[in-house]
Amino acid sequence: MLTRIDHIGIACFDLDKTVEFYRATYGFEVFHTEVNEEQGVREAMLRINGTDDGGSSYLQLLEPTREDSAVGKWLAKNGQGVHHIAFGTADVDGDAAAIRDKGVRVLYDEPRTGSMGSRITFLHPKDCHGVLTELVTSAAAR
Ligand code: MC0
């Protein structure tokens, strides 16, 4: 069951400048940074609020590490902005299977590694009314 918004992914050209905008404008601080080579991103997680399952909701700022990555391609075509939304679940495998059975393309056969040790998969935006949608089981929920 999808129980919360885990994060909103925002693609940017310059991670440091974008982090500084969110800090100076809204007061959001960086909770975590990492490079995910498989996904081709350098990212900063800004924690917005805790949630009633013990997890959190974040803004995820994403800078591509290579032009041919998903975020690099998207930025070249669209410029900066909201790239995807991510729903939190305690069972990414079960939810992905159930959603696949409804005819929505799930992009990975098995969930991959996401931010902060989470397990993630994506749903094709063309099957989700134009929204690239991620499913996340946080490390804490595993
Ligand atoms: C592409 N499209 C999108 C989109 N990306 N629509 C909405 N939102 C997006 N973010 C649309 C394009 O406009 C195009 O539509 C069609 O999908 C095919 O796109 P493409 O440019 O030809 O690119 P593809 O097909 O090579 O790849 C698209 C696909 C890819 C969604 C399959 O981006 C992907 O595998 N994404 C999942 C991985 C990902 O995004 N990783 C980065 C975040 P038209 O109408 O022009 O045909 S990593 C992350 O977030 C991790 C670290 C985490 O959360 O922990």
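Each chain carries its own residue numbering, running from 1 in the direction its sequence is written. Given that the model is predicted, a residue must reach a pLDDT of at least 70 before its local features are reported, and side-chain atom pairs must reach 80 or more before they are shown or counted; all residues, however, enter totals for whole chains, interfaces and linings. No hydrogens and no water enter the side-chain calculation; it runs on all heavy atoms of the structure.

Q: Can you tell me about the overall build of the chain, naming the residues and giving the values?
A: Secondary structure summary: the chain contains three helices and eight strands in total. The linear arrangement of helices and strands in the chain, starting from the amino end, is β-α-β-β-β-α-β-α-β-β-β. This radius of gyration counts C-alpha atoms alone. The globule rule is 2.2 Å times how many residues there are, raised to the power 0.38. Taken over the C-alpha trace, the chain has a radius of gyration of 15 Å; the compact-globule value for 142 residues is 14 Å, and the two agree within 12%. Each of the three principal axes of the chain carries a C-alpha extent, and together these read 45 × 35 × 25 Å. Only protein chains enter the accessibility calculation, which uses a 1.4 Å probe; a residue whose area is less than 20% of its type maximum is buried, one above 50% is exposed, and one in between is partly exposed. Going through the 142 residues of the chain one by one, you find that 44% of them count as buried. A run of H or I in DSSP becomes a helix once it reaches four residues, and a run of E becomes a strand once it reaches two; helices and strands are each numbered from the N terminus.

Q: Could you give an account of the site of the ligand, naming the residues involved and the relevant values?
A: Near the ligand you find 23 residues, and of these Lys73, Lys77, Ser115, Lys126 and Glu134 are the closest. Any N or O atom pair separated by 3.5 Å or less is treated as a polar contact, with the protein-specific requirement of one donor-capable and one acceptor-capable atom, and with residues adjacent in sequence counted only for side-chain atom pairs. Separating an oxygen atom of the ligand from a side-chain N or O atom of Gln60 is a distance of 2.9 Å. Interatomic distance of 2.6 Å between a side-chain N/O atom of Lys126 and an oxygen atom of the ligand. With the chains in place, 71% of the 1100 Å² that the ligand exposes on its own is no longer accessible. Elements supplying a minimum of two residues to the shell around the ligand: helix 2 (70-78), strand 5 (81-89) and strand 7 (119-123). Among the residues forming the shell around the ligand, the class breakdown is nine nonpolar, nine polar and five charged. Note on terminology: near, applied to a residue and a molecule or strand, indicates that one of the residue's heavy atoms is within 4 Å of it. Here, Shrake-Rupley sampling with a 1.4 Å probe gives the accessible areas, and only protein chains in the shown set may cover a residue. Polar here means any residue other than Ala, Val, Leu, Ile, Met, Phe, Trp, Tyr, Cys and Pro, which are nonpolar, and Asp, Glu, Lys and Arg, which are charged; Gly is therefore polar.

Q: Quick rundown of helix 2? Include the residues and the values.
A: Of all the residues in helix 2, the buried ones are Val71, Gly72 and Leu75. What you see down the axis of helix 2 is that its buried residues fit within an arc of 100°, all on one side. Along helix 2, exposed side chains directed more than 90 degrees from the buried face belong to Lys73 and Lys77. On its buried face, helix 2 is in contact with strand 1 (2-11), strand 3 (41-50), strand 4 (56-64) and strand 5. Looking one or two residues beyond helix 2, the residue adopting positive phi is Gly79, at roughly 80°. The arc under discussion is defined with respect to the helix axis, by the directions toward the C-beta atoms. In this analysis, two residues are considered to be in contact whenever any of their non-hydrogen atoms come within 4.5 Å of each other.

Q: So what about the side chain of Thr89? Which residues, and what values?
A: Position of Thr89 among the secondary structure elements: in strand 5. Classification of Thr89 as buried rests on a relative accessible area of 4%. Engagement of the side chain of Thr89 in a polar contact is seen with the backbone oxygen of Met1, the distance being 3.3 Å. Sequence-distant contacts of Thr89, that is, excluding residues within four places in its chain, are made with Met1, Leu2, Thr3, Asp95, Val136 and Thr137.

Q: An account of the sheet that holds strand 5 is needed here, citing residue identities and associated values.
A: Note on pairing: two strands pair once DSSP finds at least 2 bridges between them. Ordered in space as 2-3-4-1-5-8-7-6, the eight strands form an open sheet in which the pairing is mixed. In this open sheet, the two edge strands, each paired with only one partner strand, are strand 2 (30-36) and strand 6 (112-113). Each axis is a line fitted through C-alpha atoms, taken for helices only over the stretch in contact, and angles between the N-to-C directions span 0 to 180 degrees. Contacting strand 1, strand 3, strand 4 and strand 5, helix 2 crosses the sheet at an angle of about 140° to strand 5.

Q: Describe in detail the nonpolar core, supporting the description with residues and values.
A: Buried residues of nine kinds, namely Ala, Val, Leu, Ile, Met, Phe, Trp, Tyr and Cys, make up a nonpolar core once their side-chain atoms join them within 4.5 Å. Counting residues in hydrophobic clusters, the biggest one holds nine residues: Ile10, Cys12, Leu15, Val19, Tyr22, Ala44, Leu46, Leu59 and Leu61. Elements supplying a minimum of two residues to this core: helix 1 (15-26), strand 3 and strand 4. When residues of this core are assigned to their parent elements, the largest contribution, three residues, is made by helix 1. The residues touching Leu46, leaving out its near neighbours within four places in the chain, are Tyr22, Phe28, Glu29, Val30, Phe31, Ser57, Tyr58, Leu59 and Leu61. Counting eight residues, the second-largest nonpolar core is a separate cluster that includes Ala96, Ile99, Val106 and Leu123.

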